[in-house]
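Coordinate analysis (summary)
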Amino acid sequence: MRTTYTLAALGCILGLTVGTAQAQRSRHDVTGTQFGAKGGLTLSVLDGQINTNSEYKPDFHLGGFLRWRPTPSFALQPELVYSRQGAKNSFPAGPVMLETKTTLSYLNVPVLAKVYLGKVVNLQVGPQFGLLLGGREKGQIGYRQSSSGNSFIEGEEDVKEEFKSDVAICGGIGVDLPGGLLLAARLNYGFTNIENNELRQRARDAFGFGGMHNRTFEFSIGYAFGQ
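This text gives an overview of the structure that appears in the document. Because the structure is a prediction, the values reported are computed rather than measured. (Residues numbered from 1 in each chain as written. Predicted model: local features only at pLDDT ≥ 70, side-chain atom pairs only at ≥ 80, totals over all residues. Heavy atoms only, no water.)

**Some remarks on the pattern of salt bridges**
Selection criterion: Any carboxyl oxygen of Asp or Glu that lies within 4 Å of a side-chain nitrogen of Lys or Arg is treated as forming a salt bridge with it. Only DSSP runs of H or I covering at least 4 residues are called helices, and only runs of E covering at least 2 are called strands; the numbering of each starts at the N terminus. Think of it in three bands: residues with accessible area under 20% of the maximum for their type are buried, residues over 50% are exposed, and the middle band is partly exposed, with areas taken using a 1.4 Å probe on protein chains only.
A full pass over the atoms with the stated rule returns 15 salt bridges. The closest approach of N and O atoms between Arg215 and Asp47, which form a salt bridge, is 3.6 Å. On the criterion of sequence distance, the pair formed by Arg215 in strand 10 (residues 213-225) and Asp47 in strand 1 (residues 32-47) is long-range, its members being 168 residues apart. Here Arg215 falls in the buried class, since its relative accessible area comes to 10%. Residue Asp47 is classed as partly exposed on the basis of its relative accessible area, which comes to 38%.

Next comes the structure, spelled out in structure tokens:
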């Protein structure tokens, strides 16, 4: 429910900003090249996990971009972004459900084409290449029953070798305000099977489960310098 409320609130904010920006268009020259910085919220899940209920996990991303806008109606925007992704997991263990969090750290390089609907509002689409930097899984790894009481066993481990780098397609909507402020909401849809565990991959192949893929919603705020 918290994820739903967060998405709704961010959607309302972006919608209000779009309306305000469109109402305040200026006569300034919107073309040119700018560098900038960005950051914000990621909501990610690992689609295709076996015997595990997977939910969206909130985290963050941070990076920079170059925006080349040769005409008022089009821009090309490559980015370099550190992004923490993964999922919240739950799976049965005897009488209880164990809960863990998988956190995958990626260095993402999206290359976006931005088509402007007016001077500020734009649609964004393009490929993204993600280099896996690390992976951790933390949470409940077991359940202990004893005469003195029952308790969960907590743990954390490095799971980088269980996953792979990624190739995705990005799509979304953005607002480039005249003063340099940028807002964007984007879906990063992974195409690469990031499963790198040989035993689990054999199970996928045997039962036709398909692969495991990154699915990430990205809500960003940024600033373009030099405007």
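**Considering the pairing of strand 8 (residues 166-176)**
Formally: Strand pairing is defined by DSSP finding a minimum of two bridges between the two strands.
Summarising the sheet, strand 8 and strand 9 (residues 181-190) pair through 9 bridges and their orientation is antiparallel. Its bridge partner being in strand 9, Gly171 is matched across the sheet by Leu187. The hairpin formed by strand 8 and strand 9 contains 4 residues between the paired strands, and Gly180 there has a positive phi angle of roughly 115 degrees.

**Observations concerning the side chain of Gln124**
Under the convention used in this document: Pairs of N or O atoms are called polar contacts if they sit within 3.5 Å, as long as, within protein, a hydrogen donor faces a hydrogen acceptor (for residues adjacent in sequence, only side-chain-to-side-chain pairs). Every residue pair with non-hydrogen atoms within 4.5 Å of one another is taken to be in contact.
Position of Gln124 among the secondary structure elements: in strand 6 (residues 121-146). A polar atom in the side chain of Gln124 sits 3.1 Å from the side chain of Arg186. Setting aside anything within four residues of it in sequence, one finds Gln124 in contact with Leu112, Ala113, Lys114, Cys170, Gly171, Gly172, Ile173, Gly174, Ala184 and Arg186.

**Section: the pairing of strand 1**
One ladder, built from 13 bridges, connects strand 1 with strand 3 (residues 57-71); its direction is antiparallel. When the sheet's bridge partners are listed, Leu43 is paired in strand 3 with Pro58. Pairing of strand 1 with strand 10 involves 13 bridges; the strand directions are antiparallel. Looking at strand 10, one finds that Leu43 is bridged to Phe217.

**Some words on the packing of aromatic side chains**
Definition in use: Pairing of aromatic side chains here covers Phe, Tyr and the six-membered ring of Trp, requires ring centres within 6.5 Å, and sorts the geometry by plane angle: under 30 degrees stacked, over 60 edge-to-face, intermediate tilted.
Tallying each qualifying case throughout the model produces 5 aromatic pairs. The interplanar angle of 50 degrees and the centroid separation of 6.1 Å between the aromatic rings of Phe60 and Tyr82 together place this pair among those described as tilted. On the criterion of sequence distance, the pair formed by Phe60 in strand 3 and Tyr82 in strand 4 (residues 74-93) is long-range, its members being 22 residues apart. According to the relative accessible area criterion, Tyr82 is partly exposed, its value standing at 29%.

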